[in-house]
Amino acid sequence: MNEFCLEMTGIEKRFPGVLALDQVSLQLSKGEVIALIGENGAGKSTLMKILGGVHQPDAGTLKINNKIAQLHSAADANRLGIGFVHQELNVLDNLDIAGNIFLGREPVKKGPLRLIDRKKLHANTRPYLKQLGLDLNPHTRMSDLSIGQQQLVEVAKALSMQARIMIMDEPTSSLSLRETRILMDVIRDLRNRGISVIYISHRLGEVKECADRVVALRDGKNAGGLEKAKITHDAMVSLMIGRDLTHDQHQTSATYVPDYFQVNDLRTKLYPEQPLSFTVAGGEVLGVAGLVGAGRSEMAQALFGVDTALSGSMTLAGKPIALNNTPAAIAAGIYLAPEDRRQTGLVVDMSVQENITLANMPAYCTRHMVNRDAERTAATKQIVAMNIKTPSPDTRVMNLSGGNQQKIVLGKWFSMTPKVMIFDEPTRGIDIGAKQEIYRHIRTLATRGVAVIMISSDMEEVLGNSDRIAVMHEGRITGTLGRSEMNEEAIMQLAVGQTTENELANGIPVS
């Protein structure tokens, strides 16, 4: 009798213009945690969507508990004990937490009407929230939660299905350090209970911590694997990209333009009593760190005009720029790459070309008619520059991997003329090779004199790419750190509310 609870053999999947999976095989034992790694577009999510019943393979066999299975829908996968935490959120934000977790599986009252038993529904929800450290009322609407909290609700939904095989696709991409630690504990508990986990992540430190075995994909094919004792950062990178990765050292811009971008007394709806004031020099990368809920994204959205600021002002090169006005921000060269790419950064039903040129359509119009050749030239340039893996500029964005979608969001703004570039979690869901590409683009912007604001929950990212770091706690800046002051301990102290003497420090970064 075979010991595997899952066997995928010779799996092939084709999409228009691309062979996404080419004879891929994967085996999983009961109570085993496998990490599935690879660059963006390697086929990880496609393989898991086949296991989750979202896609059907063009060739190959799939066995669950030694029996051939054909999964025609997500419901088929659920019935066979397969739970799926997707990389992209699949929540209904008009429903409450309990309604999302038990959607389609709500307990009902006795009687012919079979009305939903809401008391039992919310009671059944509480243990899963407690397991994930979520101190939330099950009645809370999803729209009132942070992205990180919504991600944990998705995990709770998968746990509630009593799955025997759990797929987690980039589950920590929106989580804080504390939330990530809780999830690691949950994975250990699942293993101890004999539940198998397939864990997809570009955060290789997490992979090393939780995985019993690593399986790598490259260009839609099996690229090898690693047993527990051989799981190291360099070994995983080598399997993923087939080469050694060179790390660029942080390089400070040669010149700065002091007080190039100034924000004064900005108040957001989330923290109306906490005014924010800071400056960013031209040619500087200002990192913004803090815990989930600190108000970082709300600040960025207010500066870009998508959220209404209650008060405040901003100037660029001494010229006032209107708050609460996105067209004015774009016209001034202030751009935002948002945290949630699918909801606010892209139109996924449109093509790569259309997404890249959408924010700057007048530049591609002649007598109010769109010049498709000019559009294509601009889009092709960004596809090459950003190394976007797409069959053509006409490919719909929804058919690309999450990492390539993120590159399109950045390429859209890079194709224009940024003067202030705000990145909110710029490498969320991006593989390690692509991260280095993004970092080089960020540094290139700075060397051209752009004022860069980089919001990130990735400690290594913010430490490695910032000239200064402003740390936020509950809507205020508790301190700023120059290059010589930056370390994880200093950031975490400020992130939990401990202020320093250089609170709200501005000016040219410390080199």
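The shown structure was predicted, so the numbers you read here are calculated from the model rather than taken from an experiment.

### Focus on helix H8 (residues 233-241)
Burial in H8 covers these residues: Met-236, Val-237, Leu-239, Met-240 and Ile-241. Each element contacted by the buried residues of H8 is listed here: strand E3 (33-37), helix H7 (204-210), strand E9 (213-218), strand E10 (221-227) and helix H15 (432-447). Looking one or two residues past H8, Gly-242 carries a phi angle of roughly 70°, positive in sign.

### Structural notes on the confidence of the model for the protein chain
Taken residue by residue, the protein chain gives an average pLDDT of 88. The fraction at 70 or more is 95%. The secondary structure element of the protein chain with the lowest average pLDDT is H8, at 84, and the one with the highest is strand E20 (residues 451-455), at 97. Considering only residues more than four positions removed or in separate chains, one finds that residues 501-511, a stretch of pLDDT under 50, has 31 contacts.

### Focus on the environment of Lys-230
Along the chain, the position of Lys-230 falls in the loop between E10 and H8. Under the relative-accessibility criterion, Lys-230 is labelled exposed at 60%.

### Section: the packing of aromatic side chains
Describing an aromatic ring pair means giving the distance of the ring centres and the angle of the ring planes. Overall, the coordinates contain four aromatic pairs when judged by the stated rule. Ring centres of Phe-414 and Phe-423 lie 6.2 Å apart, and the angle between their planes is 75°; on these two criteria the pair is classed as edge-to-face. Cluster of aromatic residues (ring-pair linked, three or more members): Phe-304, Tyr-335 and Trp-413.

### Here we look at the sheet that holds strand E16 (residues 334-337)
Reading across the sheet, the six strands line up as E16-E19-E20-E13-E21-E22 and stay open at both edges, with mixed pairing between neighbours. Pairing within the sheet leaves two strands with one partner each, and these edge strands are E16 and strand E22 (476-482). Taking the axes of each pair of neighbouring strands and ignoring which way they run, one obtains an average angle of 20° across the sheet. Alignment of strand E13 (residues 285-290) against E20, held across four bridges, turns out to be parallel. Across the sheet, residue Leu-286 finds its bridge partner in E20, namely Ile-453. Across the sheet, H15 touches E13, strand E19 (420-424) and E20, and the angle it forms with E20 is around 150°. Relative to the sheet, helix H17 (residues 488-495) contacts E13, strand E21 (468-473) and E22, its axis offset from that of E21 by approximately 30°.

### Details of the packing of helix H14 (residues 402-414) against H15
Axis angle and axis distance: for two packed helices, these are the angle between their axes and the distance between the axes, and together they describe the pair. Two numbers describe how H14 lies on H15: the axes approach to 12 Å, and their chain directions differ by 20°. With respect to each other, H14 and H15 are oriented roughly parallel. Where H14 crosses over H15, the two elements pack in a sense that is left-handed. Packed against H14, whose contacting residues are Lys-407, Leu-410 and Phe-414, the element H15 presents Ala-434, Glu-437, Ile-438, His-441 and Leu-445 at the interface. Of the residues belonging to the contact of H14 with H15, the class tally is five nonpolar, one polar and two charged.

### A word on helix H4 (residues 118-131)
Helix length check: H4 (14 residues) gives 21 Å between terminal C-alpha atoms against 20 Å at 1.5 Å per residue, within 8%. Restricting attention to buried positions, one finds in H4 the residues Leu-121, His-122, Thr-125, Tyr-128 and Leu-129. Immediately beyond the C-terminal end of H4, within one or two residues, lies Gly-133, with a positive phi of roughly 70°.

Reading the values: rules and limits
- Residues numbered from 1 in each chain as written.
- Predicted model: local features only at pLDDT ≥ 70, side-chain atom pairs only at ≥ 80, totals over all residues.
- Heavy atoms only, no water.
- Buried < 20%, exposed > 50% of the residue type's maximum accessible area, 1.4 Å probe, protein only.
- Helix = DSSP H or I, 4+ residues; strand = E, 2+ residues; numbered from the N terminus.
- Contact = heavy atoms within 4.5 Å.
- pLDDT = per-residue confidence, 0-100.
- Phe/Tyr/Trp six-rings, centres within 6.5 Å; stacked < 30°, edge-to-face > 60°.
- Pairing = 2+ DSSP bridges.
- Axes fitted to C-alpha atoms, helices over the stretch in contact; angles between N-to-C directions.
- Parallel < 35°, antiparallel > 145°, perpendicular 65-115°, else oblique.
- Left-handed = near helix turned anticlockwise from the far one by under 90°.
- Nonpolar A, V, L, I, M, F, W, Y, C, P; charged D, E, K, R; others polar.
- Expected span 1.5 Å × (residues − 1).

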